[in-house]
Structure formats: C-alpha cells, structure tokens
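What follows is each chain in one-letter form.
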Protein chains: 2
Amino acid sequence: MPRVRNHPFAGPLTPPSSMAVTIRDVARASGFSVATVSRVLNGSGPVKPETVRKVRDAATRLRFTPNVAARSLSTSRTHTLGVLLPDLHGEFFSEVIRGIDQTAQSHGYHVLVSSSHNSPAEIAAALATMRGRVDGVAIMSPVSNAEALVADLPRSIPLVLLNCSADVAGVDTLDIDNHGGAYAMTRHLLTLGRRRIAFVRGPKGNADGEARLGGYRAALEDAGVVHDRTLELDGDFQELSGYHAAKHLLSMSPRPDALFAANDSMAIGAISALREAGVRVPEDVAVVGFDDIPIARYILPALSTVRVDIAKLGARAVKVLLHAVGHRNEHTRVRETFATELVVRASCGVEQAVGR
Amino acid sequence: MPRVRNHPFAGPLTPPSSMAVTIRDVARASGFSVATVSRVLNGSGPVKPETVRKVRDAATRLRFTPNVAARSLSTSRTHTLGVLLPDLHGEFFSEVIRGIDQTAQSHGYHVLVSSSHNSPAEIAAALATMRGRVDGVAIMSPVSNAEALVADLPRSIPLVLLNCSADVAGVDTLDIDNHGGAYAMTRHLLTLGRRRIAFVRGPKGNADGEARLGGYRAALEDAGVVHDRTLELDGDFQELSGYHAAKHLLSMSPRPDALFAANDSMAIGAISALREAGVRVPEDVAVVGFDDIPIARYILPALSTVRVDIAKLGARAVKVLLHAVGHRNEHTRVRETFATELVVRASCGVEQAVGR
DNA sequence: CTCCCCCATGTAACCGTTTCCACTATCGCG
DNA sequence: CGCGATAGTGGAAACGGTTACATGGGGGAG
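Treat the numbers as computed from the prediction; the structure is a model and nothing was measured.

The next thing to look at is the nonpolar core. What tends to happen in soluble globular proteins is that the nonpolar side chains get buried as a cluster. In this structure, Leu162, Leu259 and Phe260 of chain A together with Leu162, Leu259, Phe260 and Val287 of chain B are the most contacted members of the largest nonpolar core, which totals 154 residues. With residues up to four places along the chain from it excluded, the contact list for phenylalanine 260 of chain A reads Ala182, Met185, Thr186, Ile197, Ala198, Phe199, Val200, Tyr216, Val288, Gly289 and Phe290 of chain A. Core analysis: the second largest hydrophobic core is formed by 36 residues, Leu127, Leu149, Leu153 and Val171 of chain B among them.

On to the interface of chain B and chain A. Taken residue by residue, the interface counts 51 residues in chain B and 50 residues in chain A. At the boundary of chain B with chain A, total buried surface from both sides reaches about 4500 Å², with 55% on carbon and sulfur atoms. Contact with chain A buries area across many residues of chain B, yet His110, Arg133 and Tyr298 of chain B alone supply 16% of it, more than any other trio. On the surface where chain B and chain A come into contact, there are two salt bridges. Mapped by element, the contributors of at least two residues to the side of chain B that touches chain A are helix H4 (68–75), helix H5 (90–106), strand E2 (110–114), helix H6 (120–130), helix H10 (239–250) and helix H11 (264–276) of chain B. For the side of chain B that touches chain A, the class distribution of residues is 22 nonpolar, 21 polar and eight charged. Examined bridge by bridge, strand E2 (residues 110–114) of chain A and E2 of chain B share three bridges and lie antiparallel to one another. Residue pairing across strands places valine 113 of chain A opposite valine 111 of chain B, the latter belonging to E2 of chain B.

Here the focus is the side chain of histidine 117 of chain A. For histidine 117 of chain A, the location among the structural elements is in the loop between E2 and helix H6 (120–130). Setting aside chain neighbours within four positions, we find histidine 117 of chain A in contact with Leu84, Leu85, Pro86, Asp87, Glu122, Ile123, Ala126 and Pro142 of chain A together with Gln105 of chain B.

As a further point, take the side chain of arginine 212 of chain A. Residues and elements named next belong to chain A. Along the chain, arginine 212 turns up in helix H9 (residues 207–222). According to the relative accessible area criterion, arginine 212 is buried, its value standing at 2%. A distance of 3.4 Å separates a polar atom in the side chain of arginine 212 from a polar atom in the side chain of aspartate 291. Aside from chain neighbours lying at most four places away, what touches arginine 212 is Asn178, Ala182, Phe199, Phe237, Ala262, Asn263, Phe290 and Asp291.

Residues and elements named next belong to chain B. Tracing the sequence through the fold places leucine 62 in helix H3 (residues 49–62). The buried category is assigned to leucine 62, whose relative accessible area is 6%. Leucine 62 sits 22 residues away from valine 40 along the chain, and the two C-alpha atoms are 16 Å apart.

Turning next to the packing of aromatic side chains. Throughout the structure, instances matching the rule amount to six aromatic pairs over all chains. Measuring from centroid to centroid gives 5.2 Å for phenylalanine 199 of chain A and phenylalanine 260 of chain A, while their planes differ by 75°, and the two rings are edge-to-face. Highlighted residues: phenylalanine 199 of chain A in strand E6 (residues 197–200) and phenylalanine 260 of chain A in strand E8 (residues 258–261), separated in sequence by 61 residues. Per residue, the accessibility class of phenylalanine 199 of chain A equals that of phenylalanine 260 of chain A, and both read buried. Seen in terms of ring centroids, tyrosine 298 of chain A and tyrosine 243 of chain B are 6.2 Å apart; in terms of plane orientation they differ by 55°. Their pairing is tilted. With one member in each of two chains, tyrosine 298 of chain A in the loop between strand E9 (286–288) and strand E10 (305–307) and tyrosine 243 of chain B in helix H10 form a pair that bridges those chains.

If you walk across this open sheet you meet the twelve strands as E11(A)-E5(A)-E4(A)-E3(A)-E1(A)-E2(A)-E2(B)-E1(B)-E3(B)-E4(B)-E5(B)-E11(B), and the pairing is mixed. The outermost strands of the open sheet, each flanked by one partner alone, are strand E11 (335–338) of chain A together with strand E11 (335–338) of chain B. Strand after strand, the sheet turns through a mean of 20° between neighbouring axes, direction not considered. Along the sheet face, H6 of chain A touches strand E1 (80–84), E2, strand E3 (136–140) and strand E4 (159–162) of chain A together with E2 of chain B and points at about 165° away from the line of E1 of chain A.

We now examine the packing of helix H4 (residues 68–75) of chain A against H4 of chain B. Helix packing for two helices is described by the angle between their axes and how far apart those axes are. In contact at an axis separation of 8 Å, H4 of chain A and H4 of chain B are set at 145° when each is read in the N-to-C sense. Crossing hand, H4 of chain A versus H4 of chain B: left-handed. Two secondary-structure elements touch here, H4 of chain A through Ala69, Ala70, Ser72 and Leu73 of chain A and H4 of chain B through Ala69, Ala70, Ser72 and Leu73 of chain B. Grouping the amino acids of the contact of H4 of chain A with H4 of chain B by side-chain chemistry returns six nonpolar, two polar and no charged.

Conventions used here
Residues numbered from 1 in each chain as written. Chains lettered and ligands numbered in written order. Predicted model: local features only at pLDDT ≥ 70, side-chain atom pairs only at ≥ 80, totals over all residues. Heavy atoms only, no water. Core = buried A, V, L, I, M, F, W, Y, C linked by side-chain atoms within 4.5 Å. Buried < 20%, exposed > 50% of the residue type's maximum accessible area, 1.4 Å probe, protein only. Contact = heavy atoms within 4.5 Å. Buried area = accessible area lost by both parts, 1.4 Å probe. Salt bridge = Lys/Arg side-chain N within 4 Å of Asp/Glu carboxyl O. Helix = DSSP H or I, 4+ residues; strand = E, 2+ residues; numbered from the N terminus. Nonpolar A, V, L, I, M, F, W, Y, C, P; charged D, E, K, R; others polar. Pairing = 2+ DSSP bridges. Polar contact = N/O pair within 3.5 Å; in protein donor to acceptor, adjacent residues only side chain to side chain. Phe/Tyr/Trp six-rings, centres within 6.5 Å; stacked < 30°, edge-to-face > 60°. Axes fitted to C-alpha atoms, helices over the stretch in contact; angles between N-to-C directions. Left-handed = near helix turned anticlockwise from the far one by under 90°.

Limitation: the analysis is restricted to geometry and does not speak to function.
Structure, rendered in structure tokens:
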C-alpha cells in the first residue's frame, strides 16, 4: 500500500516506529546522498574514510536495516537457497537440513525448506513457487528415474540433485555410494559364513533402496551364491515394515540366517519381531542395516550398519550451489559420490563367527 | 543491476529467456493495462469475465510468474514464515518442521528455517537477519528463562514461542504439558510399586527438561515419598548421557528400582547400559522415557513413555502466526498448553507388577 | 429527461534499493 | 601550464509489482 508520503523526520529522534527507517533517512542524517550511503554499506566504489565513518554512524544510530525486498528487486539476488525434500524419516531429514543450514548460515545465506514432495510433478510445482525467492535449489528426490524429473525443470536457476543417482547433463549431482556400501556389507556377512541372506527393500521406486538392493545382489553374484528372489522382502523404510518382513522371514524354510535391511529403522523393527518370536540375534539370524542412525549403537544387540555422512552431503550441496550462483550458473557441472563406511557391531554376528 | 532497457518483444514468440516476462508484457499481450492485469491475477477489484479470460490466457501463454521481490516491496508481505530452532535431536526436529511446513504450504506460505541457536543472543541475531524476509517467526528456545529472551525481541513482527514455558505478555506461546506428563508417568511407576525412582535430567537450563523434572518431583512429594536428590542424575538428551547415567545408577546402594529419563533417547541409552551389566529391565530396574519417538515401541523391552504430538504443535504454531499476520499483529494473544499422553508398554514393568 | 452511482478500466505514484552517468576537484606528468 | 586520469560524490533511472485516483459509460430512480 503506497500512498503514505515519506516521513521527513530530521532530528536525531527515534523514528516513528510505525514505519521503518530507509536508506534515505540515513542519507539525510549523515548529510550525503543515497548513492554514497549505498556505496558505504556495500563496500562498493571509492569513498573517503571520513565519509564511511559518518555514514556508518548515522546508520547504526538510526538502527537502519536494508529492506531485502527492495534490494533483491534491484539486484535479483535473494541470498536464500531452497531445499526440496521428500517425505523422509527422522534422522535423515534433520541431518541433511542441519548440514545445509549451517553451511548456508556461515556464508550469509538463508534456507527455504519445502518437504514432503514425492513425485516429479510435486517437485516441479514446489520449484515454481520458489521461483524468485531463492538463488538456487537443492533437490532430494526419492524417485529412481530422476532423468524424467530433471527433464522439465527450468535450467535458468542453479540446481543440485542430492542422492538421485541420476546421470543428467547440465545439473550438479551429489550421490551416496549406496551400491558400494551394500556390496561391502553383504560381502561382510558372507565372510562371516552367512549364506541365506534376506533383504528388506526400500519403498517402491526409491533410488536409495534400489541402489542398495543392487549392491546386495552384486555381492551375492560375485561370491557365486545362487540368489533366491523370494529372499527379497518388501519394505518402506519404516520400522513397522521391518517388523513385518521379519515375521514373514520366520515362516520361510529353510530359514535365512541373515537379514539385511535397506535402512536402520527397518532393521530395528526386524530385530524386535525376531526376538519377540524367541529367535536369537545374531546367533540364529544376523541383522544389519544402513545409515548408522544414532540409536543404532544403543539397541541390543548393537546394530552393524553402513555409515552415511548425511550432514556432510548437505554441506557440500550448499557449496556447490554457491559456486554455481557465483558463476551465474555457467560453471562446469559437478558429479560426486560420497563414500560410505562399514560399521561392524554385534548384530552381524562377528563374535559368533569365530566359533563357527 | 538496472540499466537494461525493457525488452519490447511483441509477437507471440517465446521471450528471450535471458529476461523474465513481467506484468507489463502480459498487459501488452492481452491489450489491457497493468492495473487490470494485476487485478485479474489477484482477484481484487471488479473485472469483466471476458477480460479475466483474456488476461489469464496471455499470462499462461507467456508463462508469467510474478516477481516476488517486487510484490513484497509493494505490499510488505513476504508470504514466508521463519522458524528458529535450537540444536535439537533428530525426531523432534523433523517432526516440528514437518508440522510447520505442511500447514504453511497449505496456506500458500513458505518456511525459512534457521537452526542451532542456543542462546538468546543468537536468537536475536538470527531474528535480525530474518527481518523483512518473513511475515512472522516461530521460535523454539531451549533456555528456561524465556522472559529475558523475549525482552529484547522486536515486537513489530508476529512471534510465537514454542515450548518455552515463558509467561510473557504480548507474545503468543504454545507449550507442551511437560510437568503433567512427567507427573503422570511418575505416579504410574509409584502405582506399580516402584519406590526408589531415579531421574535423568535434560541439559542444564533446558526448559523441557526442567519442567519434566518438576513433574517428577511433584508426584513424589504428593505421594509422600521422601525424595533423595542424589537420585537426580545429569544428562543432555543424548543417548550416551543416558548410558552413563545408568552406569552410575548401578553403583548406588540401595539400587533404585526405576529410572525415568527426561527423553526417550536417554532411556534407550540407559537400557543399553543396564542390560550390558546383566541387569534385567524391567524386572530389576524399570526404565521409562518421554517423547514417544518412533523407535520407542521397537526396542526391547518396548519403551513406556509420554507421547507428545510435536507435529501438531508445529501446525498450530503456523495457524497462530497466520492469524497474527492477518490482524496485523493486533490480536488477543494466545497461550495454550498441549496435553501429553501416557504410553504404557513393557519397560515400566506393568506385567511384573501384577505378580508383586 | 436529468442526475447520480457504480462498474470497468487506465494513469501514474510509490515501495527502497542499486548503479549508471555526470560532474568537480585533485594530482601526476610531460 | 595544459591535459588526461582518477577519486569522491550526487542525480536519477530502473527493478516489477500494487493501488489511489481519475475517467467514461450505462442504467435506475425521480
């Protein structure tokens, strides 16, 4: 609502508080022009030290805060980054946000989040509403066919794809080595003598889940173990689905001697079901997970898993985005894969294996 | 950087893509003035249906997206809400964001998050950088003396305090009934015959932790149980501190017969330590927590706890903020307390109690 | 038939910055 | 001493919307 004439208070009084103090007020108070004030406050252009002092003085005295809307209208920079996240589980969610936020903060940027997007269409819609509010967007998509996703995304704004395992030209992508981690864990179980290893999958169409499944299959194949597809059980990354998968496993014969859940939450649900049924973990059935969430080491038996530094992923995403922003999105694209780390605790049956 | 003269493309060609299409382009293409276009697009003012159609047509044909900076410069509304969070644990963090984001999205608002603020000074600083970027801010502060916090916060912008247990005039506040929940749980343990109940505290100065401690003490006092302050152990809401607290508990004599951790994470850490030492839970020591995080029901024994609907708290916060925004922050302030719910599972020893 | 009101639309001021360009004073150099 | 470069500053356009006010035309009341 314009129309309210600019207030011409001149003295060193505090402003009417009803209306914010503008750069013009600072100019008036310091005796210089708005152009000079702007130059001082942004450190652009040449200004006399004496002038700098006076302007700074006036600005702090009047408690001047630049209007961000006006600034970004003029510069078309918002100093804000967007984050698009799927509907994901606790630890993962908070870690990635934390990593992103801390790095963004340290570079003077803000973070606009938008969660619970599960389809490419939702992502595209959310991205559209973010248009003009952000200088760049980090997208974590659960869908495995990220190529389709990226196809109808605008290319004008810097984008970084997190964990989409997409091989798309023209977009920066950061991935977690899901395949390698699952491969290593499966191999570990084989080394310990387990032969019938069941797997609890992630949600249908989830890229992480599928890559982990792929690593599991590859390890079995490389070890020459014939693979039985009925050992691949459905899951959705929630505890309950792990619980159900384990119940189902108990009805199979011959009964598997190990269970690899595509994430820790499901592994915990599975352990719960097994022990409820009087099955010993890891003696009878070894159980392992993926992610290394904090509680993993405190459940009994302590969960063997694959560690993923998700906060680091978020932090790196911000750096990539800021680089893109700095080069007006005309930089050479980045494609990185984050290593995972095998974490051996008790639930995989290392100690039992010695005696075998 | 102004100076680039407005591009005068007239035909139905796609715009140069280097520069975004503005409301003026839509005006030109539809044959009406910018005022009318604005009115159509915002549904303000009277317009002929025929005109609406034509303008809408042109807008979609040109793929017009209003420039948010320009809009908010003019209206001084950003359609964005800020969220200031402390350095908090996984589930809690993600749930509150989820609740806030979903509600905000459904009202056409965006969410700007800023995490890891632990002192009033940090909060004030973060709030300052958010100035002009948001229409309102939800603040969750860990500090127990929220009065001091609010004292030097600007009152011009709508604020809602989450879970600060502050009794401050002029600010909306939403709280969780920590005291009541802890009271109920302690009472429950007493009912089951437990007499020496230890408590693992939250971080120093944490309001939630202190309120829970208060509920615990009150229940003991009301039951006429003499209270031994050495039963109150230090903790910081992390699993490890629960682990250590339990280790310490084992060295006490007479040994407590119950342990109430101020949150679930610490309870899980404690159970881990107890079982490692060969102590039976709940037969020898009952263990209970607070929060009801998802894993609580899947650990063994399933954790008895106090449920808190944290997503609902976030959702409510958004509604309160939007109300304040709608009334230009001149509304009657709200002060609500969210009820908690006792969740009885196995770890408190309900079943054992029958046989006692 | 006249007057008045309201519907539909246009014109232009305004929001608060940034930055281009113009201008002056000072200085180094031939 | 003349001349170009440069430091220091100011004026004003531009960013892209919203909206107060002006304008014109049509219809109902008297």
